[in-house]
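Each chain is listed here by its residues.
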Amino acid sequence: MVSKLLGRILTVIPAVLVQLFWLGLLSKWLAPYALVLNYILSVLSFFFVLYIITKRDEGTYKILWLLVILIAPIPGALLYALFGNKRTAGPLRHRLEKAEQALPPMGDSGEALSALEEEEPRLAQTFRWMAGTTGYPIRVNTGATYYPIGEKLYAAMLQELEKAETFIFAEYFIIARGKMWDTMVDIMARKVTEGVDVRVMYDDLGSISTYSKKNVRELEAKGIRCIPVNRMRAIRGVLNYRDHRKMLVIDGKVAFSGGVNLSDEYINLEVKFGHWKDVGFKLTGPGVESYTRMYTLFWNTFGGQPIPETLLTPPAFTAEVPADGCVLSYYDSPFTNQAESNELYIELLSQARDYIWFFTPYLMPGDALIDAFVRAARRGVDIRIIMPGIPDKKMIFRMSHSFYPVLLEAGVKIYEYIPGFVHAKGCLMDDKVCAVGTVNLDYRSLFLHFENNSLFYGASLLQDMKADFLDTQEKSREMVLGENVKVGFWHWTVDGILRIFAPLC
């Protein structure tokens, strides 16, 4: 955590030094021209502000940058150019687009969409839009298992790793040495000797304090290919855009995802913040192709040598397996015109009739999503959010609390998990739809990170997720305005300041 904070501080120092250098010039050598120069800077700042205002972006994010630029024009403009403006990430976006174009087409949504259109025409519009926006089709679901805790997910992952015959693809935000990861490495190394193609990706910033170049060399010595995604550098326009995705894909037949990273606290072998509550799922059947493609796209973009096409041919699945609803698996990209998951949750909130429930470790949504929560609650939808009772980051937890009053006043129910930390990410609506993946209800997940998510309709795992939610709620305390959620002028002032800076966290 200290290393990550240091990295963010290092990105700000050069801009501050530029401002100090400019002030020094004005006071010593350019004093006679200070009035004219400041006038020119004011005009430039005005057009810079005008540019930000007219951009299509989240309102809170705009306000933050406007404050920074108006208070300190030179460092503010420099920081915005490097980290606030997605155009600076153009080269990475072009690499992703090039890698995408080189992959074979996946086909359309076919019978899965047709069946959904007959049963739920309005919901089918949302699925069709998501498929079109993300480029990932809707597939008939023939097998999905929900895991209400990281330990059970991990046990299933080990079983499937032992069955691998062709390839093992692993991609995680955090990898840390420990029993969890070392056990997986032992299996993967043995599979390499059996001719299985094993590849690992991890986020360079997410694992900056837990996984080193030495660890990578140790993997490669075992025959396991390993690369960091989006290498951490202090002055770089893509620093903000982290790979927060989590997936394990085996032979194109099985995919695992959810909130669980590859570190011992995620399966409660190491206790840091009380009991660690996380969820995940196993997907089998035609829907796995989307995860194989997501992984391949990133490997080919960040890894250099492309994955052989012979590994990418979807396996044949038994036609007799009955359909269990449908699934749309996709990944979020900060480089698209739509914030896919943010828009998806707004859509689901607008369609919910009876209830919509969320798991999230952090609660710092943008204005449009807050409005969707408020509108749905005011028309009588049962909205519940389960949050951690013991935070992993106290400042982020306090920022999350700053969003409680507006939601609670509208009728949203918020619960905090008493035994420990909730790291689960997902939502459940009207016994019809659920989403499980890596997306938090915060600005970074919804707008800045690469994430992955699976949207299920009519699948049996919905009932398992519902039972888990209710069980978790029983172990949680309800948050109430004026009791365990403080109100008053001082708290209102602090909350307002914290909400301005929420997009940075």
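Residues numbered from 1 in each chain as written. Predicted model: local features only at pLDDT ≥ 70, side-chain atom pairs only at ≥ 80, totals over all residues. Heavy atoms only, no water.

Draft legend 1. Fine view of the overall build of the protein. Along the protein, the regular secondary structure elements total 18 helices and 20 strands. Counting over 505 residues, the protein shows a buried share of 58%. For the protein, contacts bridging at least 24 residues in sequence account for 81% of all contacts bridging at least 6. For the protein, the exposed area adds up to about 21,400 Å²; of that, 59% sits on carbon and sulfur atoms. (Helix = DSSP H or I, 4+ residues; strand = E, 2+ residues; numbered from the N terminus. Buried < 20%, exposed > 50% of the residue type's maximum accessible area, 1.4 Å probe, protein only. Contact = heavy atoms within 4.5 Å. Areas by Shrake-Rupley, 256 points an atom, 1.4 Å probe, with all protein chains shown as cover.)

Draft legend 2. Seen up close, the sheet that holds strand β14 (residues 413-417). The mixed open sheet is built from 9 strands, whose spatial order is β1-β10-β19-β17-β16-β11-β13-β14-β20. Looking at the sheet topology across the chains shown, the edges are occupied by β1 (138-140) and β20 (476-478). In this sheet, neighbouring strand axes are inclined to one another by 20° on average, regardless of whether the strands run parallel or antiparallel. Inspection of the sheet shows β14 paired to β20 by 3 bridges, in the antiparallel sense. Across the sheet, Glu416 pairs through a bridge with Arg477, a residue of β20. (Pairing = 2+ DSSP bridges. Axes fitted to C-alpha atoms, helices over the stretch in contact; angles between N-to-C directions.)

Draft legend 3. Region of the structure containing the packing of aromatic side chains. The tally for this structure, following the rule as stated, stands at 24 aromatic pairs. Relative to Tyr211, the ring of Tyr202 lies with its centre 5.4 Å away and its plane at 75°, an arrangement referred to as edge-to-face. Judged by its relative accessible area of 3%, Tyr202 is buried. Here the aromatic residues Tyr136, Tyr241, Phe298, Phe302, Tyr331, Phe335 and Phe450 are joined through ring pairs into a cluster of three or more. Sitting over the ring of Phe298, Arg245 keeps its end group 3.5 Å from the ring centre. Taking the ring centre of Tyr331 as reference, the NZ or CZ of Arg245 above it sits at 5.1 Å. (Phe/Tyr/Trp six-rings, centres within 6.5 Å; stacked < 30°, edge-to-face > 60°. Lys NZ or Arg CZ within 6 Å of the ring centre and 35° of its normal.)

Draft legend 4. How the structure looks around unusual backbone geometry. With a phi angle near 60°, Asp251 is a residue other than glycine that sits in the positive phi range. Checked against the element boundaries, Asp251 lands in the loop between β6 (247-250) and β7 (254-258). Accessibility expressed as a relative area gives 11% for Asp251, which makes it buried. Non-glycine residue Asn268 carries a positive phi angle of around 60°.

Draft legend 5. Quick peek at the environment of Thr193. Residue placement: Thr193 occurs in helix α9 (residues 179-193). What makes Thr193 exposed here is its relative accessible area of 66%. On a C-alpha basis, the gap between Thr193 and Gly223 in space is 8.2 Å, while along the polypeptide they are 30 residues apart. A distance of 2.5 Å separates the side chain of Thr193 from the backbone oxygen of Arg190, its partner in a polar contact. (Polar contact = N/O pair within 3.5 Å; in protein donor to acceptor, adjacent residues only side chain to side chain.)

Draft legend 6. Here's a closer look at the side chain of Thr301. Summarising the element assignment, Thr301 is placed in helix α11 (residues 288-302). From its side chain, Thr301 meets the backbone oxygen of Leu297 in a polar contact 2.8 Å long. Once you skip the residues sitting within four places of it in the chain, Thr301 turns out to touch Leu92, Arg95, Leu96 and Ala99.

Draft legend 7. The sheet that holds strand β2 (residues 144-147), seen in detail. Here we have 7 strands laid out as an open sheet, ordered β2-β9-β7-β6-β3-β4-β5, and mixed in their pairing. Among the strands making up the open sheet, the edge pair consists of β2 and β5 (225-229). Each strand of the sheet is rotated relative to its neighbour by a mean of 10°, with strand direction disregarded. Pairing between strand β4 (residues 197-203) and β5: 5 bridges, direction parallel. Looking at β5, one finds that Asp203 is bridged to Val229.

Draft legend 8. How the structure looks around the confidence of the model for the protein. Averaged over the protein, the pLDDT score is 86; the fraction of residues at 70 or greater is 80%. Every residue in residues 1-13 scores below 50 in pLDDT, and together they form 18 contacts with partners more than four places removed in sequence or on other chains. (pLDDT = per-residue confidence, 0-100.)

Draft legend 9. Structural detail: a positive patch on the surface. Where like charges cluster on the molecular surface, the positive patch consists of Lys213, Lys214, Arg217 and Arg231. Tracing the chain through its elements places Arg217 in helix α10 (residues 213-221). (Patch = residues over 30% accessible without salt bridge, like charges linked within 9 Å, V, L, I, M, F, W, Y side chains within 5 Å. Salt bridge = Lys/Arg side-chain N within 4 Å of Asp/Glu carboxyl O. Lys, Arg positive; Asp, Glu negative; His and termini not counted. Charge placed at Lys NZ, Arg CZ, Asp CG, Glu CD.)

Draft legend 10. Spotlight on a nonpolar patch on the surface. Taken together, the side chains of Val43, Phe47 and Leu50 make up a nonpolar region of the molecular surface, amounting to roughly 250 Å² of accessible area. Mapping Phe47 onto the fold places it in helix α2 (residues 34-54).

Draft legend 11. Summary view of the pattern of salt bridges. By the definition in use, this model includes 23 salt bridges. Ionic pairing is found between Arg384 and Asp382, a salt bridge with its closest N-O pair at 2.8 Å. Exposure class is identical for Arg384 and Asp382. Each is buried. Among the ionic pairs, Glu416 bridges to Arg477, the shortest N-O distance being 3.4 Å. In this pair, Glu416 sits in strand β14 while Arg477 sits in strand β20, placing the two residues 61 residues apart along the sequence.

Draft legend 12. Layout of the side chain of Lys191. With respect to the helices and strands, the residue Lys191 is situated in helix α9. With sequence-adjacent residues up to four places away left out, Lys191 is seen in contact with Leu161, Glu162, Lys163, Ala164, Ile168 and Val196.

Draft legend 13. Looking closely at the environment of Ala255. Mapped onto the secondary structure, Ala255 falls in strand β7. Measuring from C-alpha to C-alpha, the distance between Ala255 and Val288 comes to 5.8 Å, with 33 residues separating the pair along the chain. Residues in contact with Ala255, not counting those within four places in the same chain, are Leu248, Val249, Phe281, Lys282, Leu283, Val288 and Tyr291.

Draft legend 14. Quick peek at α11. The terminal C-alpha atoms of α11, which comprises 15 residues, lie 22 Å apart, in line with the 21 Å expected from a rise of 1.5 Å per residue. Burial analysis of α11 places 14 of its 15 residues in the buried class, which makes it a mostly covered element. (Expected span 1.5 Å × (residues − 1).)

Draft legend 15. Looking closely at the pairing of β6. Side-chain alternation along β6 places Met247 and Val249 on one buried face and Leu248 and Ile250 on a second face that is also buried. In the sheet, strand β3 (residues 167-172) pairs with β6 via 4 bridges, with the strands oriented antiparallel. Note that in β6 the partner of Phe169 across the bridge is Val249. Pairing between β6 and β7: 4 bridges, direction antiparallel.

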